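# Survey of secondary and tertiary structure
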Amino acid sequence: MKLRFVAVLVVMVVAFAGCSRRAAPEAGPAPAAPAPGNTNNNNDAAARARADSIAAAELARRQVAEREEREQRAAMARAQEVLANVVYFEYDSQQLNSEAEDRLRTKSAIMRANPSLEIRVEGHADERGSTEYNLALGQRRAESVRTFMTGFGVADNRISTISYGKERPAVEGSTESAYERNRRAEFAIVAGEVSAVPPEVR
């Protein structure tokens, strides 16, 4: 009986030893270590790309700002030109024609957009008629312009008037074309400046 127990014990020990000697699974190849310096190169490339992207965005922003500034300056120059545009009248008349009304509507929009602006309307006449008559006619023309513009929202204290009659002709001569150019109202900015431009002028 002892002998059988010993034999069983030996068989168990041998079996256990065989199990423990099974080969462990082979490990796969170790991941390759990065080549020396590769990490720094990648970081440098990423930093350069980021800096280039920032520089490109800044350049684009500056270009947009410069273009907008140029456009704004051009629009303000157009607005000042529109304010200076002359209005013409028919012979011996202070009535505004459709072209004059269109110009005055645009002038009024500029004045409304720039509350500090004040202008002077200067009435003129051609050489026909007496000095006194033409002074009165020039004044009526200037007042006609003023009345129209106040009707479009410009305060009347922002528009002064004066008449020069026939004393300051735009064109010398006694021809019909000269008369047409001299029957006019001119405009001068006397206070403020153009800083805002309404859509009508852009």
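One structure accompanies this document, and this report is about it. (Residues numbered from 1 in each chain as written. Predicted model: local features only at pLDDT ≥ 70, side-chain atom pairs only at ≥ 80, totals over all residues. Heavy atoms only, no water.)

### Structural notes on the overall build of the chain
Helices and strands together make up the secondary structure of the chain, namely five helices and four strands. Helices and strands appear in the chain in the N-to-C order α-α-β-α-β-α-β-α-β. Within the chain, buried positions represent 26% of all 202 residues. Nonlocal contacts in the chain, meaning residues at least 24 apart in sequence, comprise 78% of its contacts between residues at least 6 apart. Taken as a whole, the chain presents about 13,400 Å² of accessible surface, with 55% of it coming from carbon and sulfur. (Helix = DSSP H or I, 4+ residues; strand = E, 2+ residues; numbered from the N terminus. Buried < 20%, exposed > 50% of the residue type's maximum accessible area, 1.4 Å probe, protein only. Contact = heavy atoms within 4.5 Å. Areas by Shrake-Rupley, 256 points an atom, 1.4 Å probe, with all protein chains shown as cover.)

### Regarding helix 4 (residues 131-150)
Quick reminder: α-helices carry 3.6 residues per turn. Residues three or four places apart thus point the same way. When the terminal C-alpha atoms of helix 4 are compared, their 29 Å separation across 20 residues agrees well with the 28 Å that a helix rising 1.5 Å per residue should span. The complete set of buried residues in helix 4 reads Asn134, Leu137, Gly138, Arg141, Ala142, Ser144, Val145, Phe148 and Met149. Summarising the axial view, the buried residues of helix 4 lie within an arc of 150°, below the 170-degree limit, and thus occupy one face. Projecting away from the buried face of helix 4 at angles above 90 degrees are the exposed residues Glu132 and Thr147. (Expected span 1.5 Å × (residues − 1). Arc of directions from axis to C-beta.)

### Section: the pairing of strand 4 (residues 184-191)
Pairing geometry for strand 1 (residues 87-88) and strand 4, over two bridges, is antiparallel. Counterpart to Tyr88 in the pairing with strand 4 is Arg184. Where strand 2 (residues 118-124) lies against strand 4, six bridges are found, and the strand directions are antiparallel. When the bridges of strand 4 are listed, Arg120 appears paired with Ala188. (Pairing = 2+ DSSP bridges.)

### Details of the packing of aromatic side chains
Tallied over the entire structure, the rule returns one aromatic pair. One residue, Lys107, lies across the ring of Phe187, its end atom 4.0 Å from the ring centre. The ring of Tyr133 has Arg140 lying over it, and the distance from NZ or CZ to the ring centre is 5.8 Å. (Phe/Tyr/Trp six-rings, centres within 6.5 Å; stacked < 30°, edge-to-face > 60°. Lys NZ or Arg CZ within 6 Å of the ring centre and 35° of its normal.)

### Observations concerning the packing of helix 3 (residues 98-113) against helix 4
Packing of helix 3 against helix 4 brings their axes to within 9 Å, and their N-to-C directions diverge by 55°. As the angle between them shows, helix 3 and helix 4 are arranged oblique. In terms of crossing hand, the pair formed by helix 3 and helix 4 is right-handed. In contact with Glu101, Leu104, Arg105, Lys107, Ser108 and Met111 of helix 3, helix 4 contributes Val145, Phe148 and Met149. Classifying every residue of the contact of helix 3 with helix 4 by side-chain character gives five nonpolar, one polar and three charged. (Axes fitted to C-alpha atoms, helices over the stretch in contact; angles between N-to-C directions. Parallel < 35°, antiparallel > 145°, perpendicular 65-115°, else oblique. Left-handed = near helix turned anticlockwise from the far one by under 90°. Nonpolar A, V, L, I, M, F, W, Y, C, P; charged D, E, K, R; others polar.)

### Describing the side chain of Ser144
Relative to the elements of secondary structure, Ser144 occurs in helix 4. According to the relative accessible area criterion, Ser144 is buried, its value standing at 17%. Polar side-chain contacts of Ser144 include one of 3.0 Å to the backbone oxygen of Gln94. When sequence neighbours within four positions are dropped, the list of residues in contact with Ser144 reads Gln94 and Leu96. (Polar contact = N/O pair within 3.5 Å; in protein donor to acceptor, adjacent residues only side chain to side chain.)

### As for helix 3
With 16 residues, helix 3 should reach 22 Å at 1.5 Å per residue; the first-to-last C-alpha distance of 23 Å fits that figure. Residues of helix 3 that are buried: Ala100, Leu104, Lys107, Ser108, Ala109, Ile110 and Met111. Its side-chain oxygen at 3.2 Å from the backbone nitrogen of Glu99, Asn97 defines the N-terminal cap of helix 3.

### As for the side chain of Asn182
Assignment of secondary structure puts Asn182 in helix 5 (residues 176-182). Excluding residues that lie within four positions of it along the chain, Asn182 makes contacts with His124, Ala125, Asp126, Pro169, Ala170 and Val171.

### Some words on the sheet that holds strand 1
As summarised here, the arrangement of the four strands in space is 1-4-2-3, forming an open sheet in which the pairing is mixed. Strand pairing shows two members of the sheet lacking a second neighbour, strand 1 and strand 3 (159-165), which therefore form its edges. Sheet contacts for helix 4: strand 2, strand 3 and strand 4; angle to strand 3, the most-contacted strand, approximately 155°.

None of this, on its own, says anything about what the molecule does.
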